Amino acid sequence: MIVNAIDVVGLSWQLERQSILSNISFSLPKGQMLGVIGANGAGKSSLLRCLYRYIEPTSGSISVLGQDIHGYSSRAFARDVAVVLQETPAHFEMTTSQLVAMGLTPHKSWFEFTNQDDKQHIQRALQQVGLEHKANQDYDKLSGGEKQRALIARAIVQRPSVLILDEPTNHLDVRYQIQILELVRSLGISVICSIHDLNLAAATCDNLLLLHQGHCVAYGSPQEVLTQTQIASAFGVSCEVQPHRQTGKPAIQYFYGYQPSSATIKNVPTPKSAAIAAGQRRSHGDA
Ligand SMILES: Nc1ncnc2c1ncn2[C@@H]1O[C@H](COP(=O)(O)OP(=O)(O)OP(=O)(O)O)[C@@H](O)[C@H]1O
């Protein structure tokens, strides 16, 4: 029997009668990378929070490596699953390398010291995220993007089977956006990751799960999910999707010319109307 990294069946989460996630089902095969996409408020973080046990869903089941997540001890869960979040909590008086070393915790007993092997792991992870020169600097004094990369190095040191990332590219410049996602992919572990940049998601993920108002409205390869119609309906924008010249994956070009009131699902401008609107603004001198 094939055991998936993650299996989610019929997952729903309600909060005071408001339905945040509705009947979501998907699987993440081992070694693959799944991107969770969707507009602001679609439910991406809530879904990931259910996966790393921060939220208890109202109904449905979640298994990691074939085991129900609520059957795991905290320590065993931390050995299998690493999480990198958007917000970085304050880590006072800790160097970058000490923060990265925290990834070793689930593998160590209480009084076990960091050995030579561990130090090499930490060093290598810092190099992989381009932070070896910041190893002895206070973590709290790193820039937002450097903090994000340090947290990814900590997750690498944790050596999990499954990595959950909530918007890992948020603070990163374009080089590190590509580099970090390619690095995460190259680790050969199973990854689920929420991403706002659809082009980046298309280029780096095996499969995508598109959420809209808490529902899974598309799930499959980037080609299957990132169609003009589905992007228009989930994000309220008009675009053209062509194969990327290098990867052959979907490459999205957005059209401009939106009024705030037209950015709704019911009234998505067509490429033509968006282009006309942009042309009209230019002819009125306010382009
Ligand atoms: N603890 C909570 N209490 C009240 N509402 C919540 C809570 N958590 C999530 N929500 C609501 O659930 C919806 C989904 O939120 P979530 O953060 O999962 O969306 P998201 O897709 O990650 O959004 P974004 O792209 O803006 O980060 C939002 O409307 C949010 O306000």
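Within an unreviewed UniProt entry, the label attached to the protein reads ABC cobalamin uptake system ATPase BtuD, and the organism entered is Shewanella gelidii.

Trainee: Provide a residue-level description of the site of the ligand, including the pertinent values.
Mentor: Around the ligand lies a shell formed by L15, I20, G38, N40, G41, A42, G43, K44, S45 and S46. Residue contributions to the shell around the ligand peak at three residues, all from helix α1 (residues 44-51). Broken down by class, the residue content of the shell around the ligand amounts to three nonpolar, six polar and one charged.

Trainee: Tell me about the confidence of the model for the protein, and name the residues and values.
Mentor: Scored by pLDDT, the protein has a mean of 88; 87% of the residues are at 70 or more. Note on the complex model: pTM 0.88, ipTM 0.98.

Trainee: Got a sec to walk through the nonpolar core? Specific residues and values, please.
Mentor: Most often, soluble globular proteins have nonpolar side chains that are buried together. In this structure, V36, V100, A153, L163, I164 and I192 are the most contacted members of the largest nonpolar core, which totals 68 residues. With seven residues, the top contributor of residues to this core is helix α5 (residues 144-157). Here I192 is in contact with I6, L28, L34, V36, L48, L51 and I164, once residues within four sequence places are set aside.

Trainee: Help me get a handle on unusual backbone geometry, residues and values and all.
Mentor: Despite not being glycine, N23 shows a phi value in the positive range, around 50°. As for its position among the elements, N23 is in strand β2 (residues 18-28). In this structure N23 comes out as partly exposed when scored by C-beta crowding, with 14 C-beta atoms within 10 Å. If you check the backbone angles, R53 has positive phi at about 70° while not being a glycine. Along the chain, R53 turns up in the loop between α1 and β4 (59-64).

Thresholds applied
Residues numbered from 1 in each chain as written. Predicted model: local features only at pLDDT ≥ 70, side-chain atom pairs only at ≥ 80, totals over all residues. Near = placed C-beta within 6 Å. Helix = DSSP H or I, 4+ residues; strand = E, 2+ residues; numbered from the N terminus. Nonpolar A, V, L, I, M, F, W, Y, C, P; charged D, E, K, R; others polar. pLDDT = per-residue confidence, 0-100. Core = buried A, V, L, I, M, F, W, Y, C linked by C-beta atoms within 7 Å. Buried ≥ 20, exposed ≤ 12 C-beta atoms within 10 Å, placed from the backbone. Contact = placed C-beta atoms within 7 Å.

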